[in-house]
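Residue-level structure breakdown
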Amino acid sequence: MIRIIESPREGMQGFPRLLPAREKVRYINELLKVGFDVVEAGSLVSPKMVPQMADSLEVLEGLDLGKTKSGLMFLALNSRGAEILSAFEQITHISFPFSFSPAFLKLNLNSTPEKAIETADKLVNLCGKTGKQAVIYISMAFGNPYGEPWNIGTLVEWVGVLYEMGVRTIPLSNVSYEIDEKQILEVFSTLVPMFPGVEFGLHLHSANEGWYDKVNAAYLAGCRRFDGVINGLGGCPMAGNGLLGNLKTQNLVEFAVEKKIPLNIDKEALSRASAMAHEIFNPDKQWIVINQT
C-alpha cells in the first residue's frame, strides 16, 4: 500500500489566474470523492504574495465532507495561521514548510531556521490539543540551490530535532531544483531505518521526464507516502529559483498499478476530477489574470 496526498493547493497557487472560490469548491469536492488519503485544500498565506490562496477559509466553508474518506489538510506559514486553522473542526491535518536553508526561509516565510523550528513546535502543540495531525515538510531536503552548505548529516540532525518535539510525519521536498534518483535513494535509505517511527514522504517538484525512476527510488528505500497534483500543476511561487511543476497524481497511480500495489482510489472519480482540472486550469479561460508586476 502507498498513500497518495493530493494537493490542489499546489496547483492553484502556481496558476497565473485567480479562480473563483465557487470553482475551487466544485473541484475540491470532486477530489474528495476519489479516495485520496489526504487532500490539501488551502493555506493561510499573505494575500499579497499568493493572491490565489486569499479565499482559502471561504473555500473551506463550502466543502462537502459528509461522505469523504479523505483527511483535509491546510498549510500554515506561521504560528498565528496555525492557531486559526486549529479552530476548524473540519481540518484534520495542518502542514508547515520547515527548512534549514536560511535563503529559502527568507524568501518563503521571511523567517530563519530558529524561528521556523519555534513555529513547528507551536504547531505540534496545537495539533496535540485539537486532535489534528502535524505535517512538517522539510524543504530543500535533497540539496541546496542557493550555494549554502548541505550534507546528509545536517538533514539527519534536523530530522532528529523534529522527532524530539513529537513530529511523526515528515515529507521531504526539493521545491525548485531538479534532483535525481540517486539523491532520493541516498536520503530515504538513510532516514527511514534511522527513524522507524516517522512516516517520511516524497513531495517532488520536477519536470515529468524521469518521474518513474525517482518514485521507484523512494519506494525501494521504504517511502510509502507520496504527494501529487493532478496533471502536475503548480509549484512554489516564492522559492526564488524557478518554478517546477509537481509530480503527477496520474503517474503515482500508474506506478502503483505496475507494481501491483493496492490503492483505495476510485478510478472513475479520478477520471472525472482530471477532466475538471483540464476545464478549470485552462489558460484560455476567462479568469482574472494576476498582475505579476
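Figured I'd write up the structure that's included with this text. (Residues numbered from 1 in each chain as written. Predicted model: local features only at pLDDT ≥ 70, side-chain atom pairs only at ≥ 80, totals over all residues. Heavy atoms only, no water.)

Ile138, Phe142, Leu162, Leu172 and Phe188 are the most contacted members of the largest nonpolar core, which totals 95 residues. Residues in contact with Ile138, not counting those within four places in the same chain, are Phe98, Phe100, Leu155, Val159, Leu162, Ile170, Pro171, Leu172 and Ser173. One finds Ile5, Val38, Met73 and Tyr137 within the second-largest nonpolar core, a separate group that totals five residues. (Core = buried A, V, L, I, M, F, W, Y, C linked by side-chain atoms within 4.5 Å. Buried < 20%, exposed > 50% of the residue type's maximum accessible area, 1.4 Å probe, protein only. Contact = heavy atoms within 4.5 Å.)

So, on to helix H8 (residues 181-194). End to end, H8 covers 20 Å across 14 residues, agreeing with the expected 20 Å (1.5 Å per residue, within 8%). Every buried residue of H8 is accounted for by Ile184, Val187, Phe188 and Leu191. Taken around the axis of H8, the buried residues stretch over an arc of 90°, which confines them to a single face. Exposed residues lying more than 90 degrees from the buried face of H8 are Lys182 and Pro193. Looking at the buried positions of H8, the neighbouring elements they touch are helix H7 (152-164), strand E7 (169-173), strand E8 (199-203) and helix H9 (211-220). (Helix = DSSP H or I, 4+ residues; strand = E, 2+ residues; numbered from the N terminus. Expected span 1.5 Å × (residues − 1). Arc of directions from axis to C-beta.)

Extensive coverage of strand E6 (residues 133-139) is indicated by the burial of six of its seven residues. Relative to E6, strand E5 (residues 93-98) runs parallel, the two being bridged by six bridges. In the strand pairing of E6, Phe96 is matched with Ile136. As paired elements, E6 and E7 share two bridges and run parallel to each other. By the bridge assignment, Ser139 is partnered in E7 with Ser173. In this fold, the crossover linking E6 to E7 by way of H7 has right-handed handedness. (Pairing = 2+ DSSP bridges. Right-handed = clockwise from strand over helix to strand, strands pointing away.)

Two elements in contact, H7 and H8, have axes whose closest approach is 11 Å; the angle formed by their N-to-C orientations is 35°. As H7 packs across H8, the resulting crossing turns out to be right-handed. Residues Ile152, Leu155, Val156 and Val159 of H7 pack against Glu186, Val187, Thr190, Leu191 and Met194 of H8. Split into classes, the residues belonging to the contact of H7 with H8 amount to seven nonpolar, one polar and one charged. (Axes fitted to C-alpha atoms, helices over the stretch in contact; angles between N-to-C directions. Left-handed = near helix turned anticlockwise from the far one by under 90°. Nonpolar A, V, L, I, M, F, W, Y, C, P; charged D, E, K, R; others polar.)

On to the pattern of salt bridges, then. Enumeration according to the criterion identifies 12 salt bridges in this entry. A salt bridge links Glu30 to Arg272, with the nearest nitrogen and oxygen atoms 3.2 Å apart. Here Arg272 lies in helix H11 (residues 267-280) and Glu30 lies in helix H2 (residues 21-31), a separation of 242 residues in the sequence. Judged by its relative accessible area of 10%, Glu30 is buried. Accessibility expressed as a relative area gives 42% for Arg272, which makes it partly exposed. Here the residues in one salt-bridge network are Arg3, Asp37, Glu199 and Arg225, joined through shared partners. (Salt bridge = Lys/Arg side-chain N within 4 Å of Asp/Glu carboxyl O.)

Relative to the assigned elements, Ile94 resides in strand E5. Exposure remark for Ile94: the relative accessible area of 0% places this residue in the buried category. For the pair Ile94 and Ala217, spaced 123 residues apart in sequence, the C-alpha separation works out to 27 Å. Not counting residues within four places of it along the chain, the set of residues in contact with Ile94 comprises Met73, Phe74, Ala76, Ala82, Leu85, Ser86, Leu123, Cys127, Lys132, Gln133, Ala134 and Val135.

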